[in-house]
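The residues making up each chain are set out below.
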Amino acid sequence: MADSPNRPIRTIAIDGPAGAGKSTIGLGLAKQLGFLYFDTGVMYRAVTLAALQRGIAPDDEDAVSQLAESVLIEVLPPSVDDGRQYTVRLDGQDVTWAIRRPDVDAAVSVVSAFPHVRRAMVAQQRRVARDGNVVMVGRDIGTVVMPDADLKIYLDASVEARAWRRYHELERRGAPSSYADVLTSMRQRDELDLSRTTSPLRPAQDAFIIDCTHMNADETLAHVIALVAEQNAARAGAPAQPAAVVGASGDDR
Ligand code: DC
């Protein structure tokens, strides 16, 4: 863990499956702490979009790997007030919304399983992590990208709950799909993310596992903020306040 445990937390890793709410919680936490929020999934999505735009088959490992080495992906503060959390540029082109297209959703797990693609992305992510004061969100942040993160969180929820959340999100964005389709695609992505050889999705040994199946976003964020405060107090040697109950069930959503 940390080199100097008395100083406050500076690096936070949030991992977990698709649709668990990592982006919402990560962004809310980063705002609360005044930290940089960095969603690493957008990088794998940008490489996938680049392949689709160039007519490269997403399963062409050599071509996609070469592409990952050569494209310029930038994640910048929001440049347009249209509900975005950040602006993503691919070789200078604004692709913030294009990387959320269903064809990108369908192909990104294949692309993100290629070791060369991961190596190229992880190198860039570690450069961002080096400066600290960051909440980094993804699948392998606590295990690979920032194994020394001061705090590691693994955010989980049932596949049905995650599919409902994604379904409502698509509806809000005016790109509705059926719940059954979203559930099927969520199950496929889980399978690919969990079973790949390179950096499969799994909690780091020292991660706090939070099951938010029965918590809404506000409750989950409050829990995570309490956890950070508790951990900071422990690092400073102060008596810790008890954290809220993890995975509280039986609520009234
Ligand atoms: O979080 P997301 O749905 O935007 O992620 C898109 C894909 O990228 C997902 O299939 C998993 C992959 N990913 C990954 O392999 N490693 C990360 N650190 C982040 C995302």
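None of the values given here were measured: they were computed from a predicted structure.

As for the site of the ligand
Next up, step 1: With respect to spatial proximity, 16 residues lie near the ligand, and among them Arg45, Arg118, Asp140, Arg189 and Arg196 are the closest.
Next up, step 2: At a separation of 3.0 Å, an oxygen atom of the ligand approaches a polar side-chain atom of Ser109.
Next up, step 3: Summarising the interface, the protein chains cover 96% of the accessible area of the ligand, which totals 450 Å² for the free molecule.
Next up, step 4: When atom positions are compared with the pocket grids, the ligand is found to occupy the largest pocket.
Next up, step 5: With three residues, the single largest contributor to the shell around the ligand is helix α2 (residues 41–53).
Next up, step 6: For the shell around the ligand, the per-class residue count stands at three nonpolar, five polar and eight charged.

Regarding the nonpolar core
Next up, step 1: Within the largest apolar cluster, 59 residues are counted, with the highest numbers of intra-cluster contacts made by Ile12, Ile73, Met121 and Met146.
Next up, step 2: Here this core gets eight residues from one element, more than from any other, and that element is α2.
Next up, step 3: Dropping the residues within four chain positions of it, Met121 is found in contact with Met43, Tyr44, Val47, Ala68 and Ile73.
Next up, step 4: Residues Ala18, Ala163, Leu183 and Met186 belong to the second largest nonpolar core, which totals eight residues.

Thresholds, definitions, all that
Residues numbered from 1 in each chain as written. Predicted model: local features only at pLDDT ≥ 70, side-chain atom pairs only at ≥ 80, totals over all residues. Heavy atoms only, no water. Near = heavy atom within 4 Å. Polar contact = N/O pair within 3.5 Å; in protein donor to acceptor, adjacent residues only side chain to side chain. Areas by Shrake-Rupley, 256 points an atom, 1.4 Å probe, with all protein chains shown as cover. 1 Å grid on protein atoms, 1.4 Å probe; cavity = no way out; pocket = protein on both sides within 12 Å on 5 of 7 lines; lining within 4 Å. Sits in = over half its atoms within 2 Å of the grid points. Helix = DSSP H or I, 4+ residues; strand = E, 2+ residues; numbered from the N terminus. Nonpolar A, V, L, I, M, F, W, Y, C, P; charged D, E, K, R; others polar. Core = buried A, V, L, I, M, F, W, Y, C linked by side-chain atoms within 4.5 Å. Buried < 20%, exposed > 50% of the residue type's maximum accessible area, 1.4 Å probe, protein only. Contact = heavy atoms within 4.5 Å.

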